Every structure is written in C-alpha cells, then in structure tokens.
Amino acid sequence: MQNRNPFNSAVVVNPLMRDFDALFREFAQPGFFRQSAVRERVPAADILESEAGVTLHLDMPGVDAKDIQVTVERDVLTVKAERKAQPVAEGVSVRRQERAQGAFTRSFSLPETVDATKVEARYEQGVLTLTLPRREESKPRVIEVKVQG
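Before going into details, it helps to say that this report is about the structure given with it. As the structure is a prediction and not an experimental result, all values here were calculated from the model.

**A look at the environment of Glu120**
Then comes step 1: Within the secondary structure, Glu120 is located in strand 8 (residues 120-124).
Then comes step 2: With 65 residues separating them along the chain, Glu120 and Thr55 place their C-alpha atoms 9.6 Å apart.
Then comes step 3: If sequence neighbours within four positions are ignored, Glu120 has contacts with Thr129, Leu130 and Thr131.

Dropping the structure here:
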C-alpha cells in the first residue's frame, strides 16, 4: 500500500522511498565529496586574511597531535596527518561507518607576502590553526604628512 504525502501528491511516502530520499539528501550535504583528485580525504579548511597575515583553520577531529606534520617548502605549506581506525570489540559489528580514517595530505600555495619562517601551529579541540604572519616589508605602513609653514 502506498501513502501519498498530502502536501505534494507526487511524493510517495513509503519506507523504501524515504530511504532513497535520505540518501540523496545526504549526498547533497556541503563537503560530502570533500576529496582531492586522487580520492584522498582532506580536512575542510577556512582561510582568513588580515593586515597581520593569514590564518588557516583545518578540521581534524579524532587526529592525535603527534600524528600531524606541518612543513613549508618554497612557497607551499603542507599538512600531513593520519586518523587511526578505532578497534571494534569482539562480537560487535559495524552497521555504518562514515568517519574517514587513514592518512591524508593537503597543500596550500603561500602568497609572497607571508613570512614562511615564522609559521606557528596550534591544535585544539580537533582544529589545527596555522598562523602565517606577513613579511614586515609587505605590511601596510602609515606615512606621516608633514605640515610646512
């Protein structure tokens, strides 16, 4: 027996259709396919810029700080990390597994205005924050206007 949704007669409400609807809604979520070209999972990142420099926030929940490596080579900042699989107790079966595990790498091209020798990294509550200060010569400076007379 099929029930019709009273608000939209074209939508059939039954368990199978509800499951398909949920599946397609899940695919439509932002970041669902957040993968690089080589199908590695990568953390979502926010990049903020100010007069002081650039700040990156990378979501890395479940990653141990000792498993995070940050390098700067030439004008590329690279973050490598690994989220290890949680062991499953004997007699327990996994019904659904959505949390990614394994190693990943993400690289960012640095602008010339960043001083790569002064990059700082902080990891707190599953978020890696990288602070990349501007080079002194690239910071805006205020020129004093002198009054003559």
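**Some remarks on the nonpolar core**
Then comes step 1: Met60, Leu130 and Leu132 are the most contacted members of the largest nonpolar core, which totals 16 residues.
Then comes step 2: Where this core is concerned, the elements lending two or more residues are strand 4 (53-59), strand 6 (76-83), strand 7 (102-109) and strand 9 (127-133).

**Regarding the side chain of Arg106**
Then comes step 1: Looking at the element boundaries, Arg106 is found in strand 7.
Then comes step 2: Despite its burial, Arg106 remains without a salt bridge, the nearest opposite charge being carried by Asp46 at 8.5 Å.
Then comes step 3: At 2.6 Å, the side chain of Arg106 forms a polar contact with the backbone oxygen of Pro43.

**Some words on unusual backbone geometry**
Then comes step 1: Look at Arg74: it is not a glycine, yet its phi comes out positive at around 60°.
Then comes step 2: In this fold, Arg74 is placed in the loop between strand 5 (68-73) and strand 6.
Then comes step 3: Positive phi is not limited to glycine here, since Gln125 has a value of about 50°.
Then comes step 4: Tracing the backbone shows Gln125 in the loop between strand 8 and strand 9.

Rules and cut-offs
Residues numbered from 1 in each chain as written. Predicted model: local features only at pLDDT ≥ 70, side-chain atom pairs only at ≥ 80, totals over all residues. Heavy atoms only, no water. Helix = DSSP H or I, 4+ residues; strand = E, 2+ residues; numbered from the N terminus. Contact = heavy atoms within 4.5 Å. Core = buried A, V, L, I, M, F, W, Y, C linked by side-chain atoms within 4.5 Å. Buried < 20%, exposed > 50% of the residue type's maximum accessible area, 1.4 Å probe, protein only. Lys, Arg positive; Asp, Glu negative; His and termini not counted. Salt bridge = Lys/Arg side-chain N within 4 Å of Asp/Glu carboxyl O. Polar contact = N/O pair within 3.5 Å; in protein donor to acceptor, adjacent residues only side chain to side chain.

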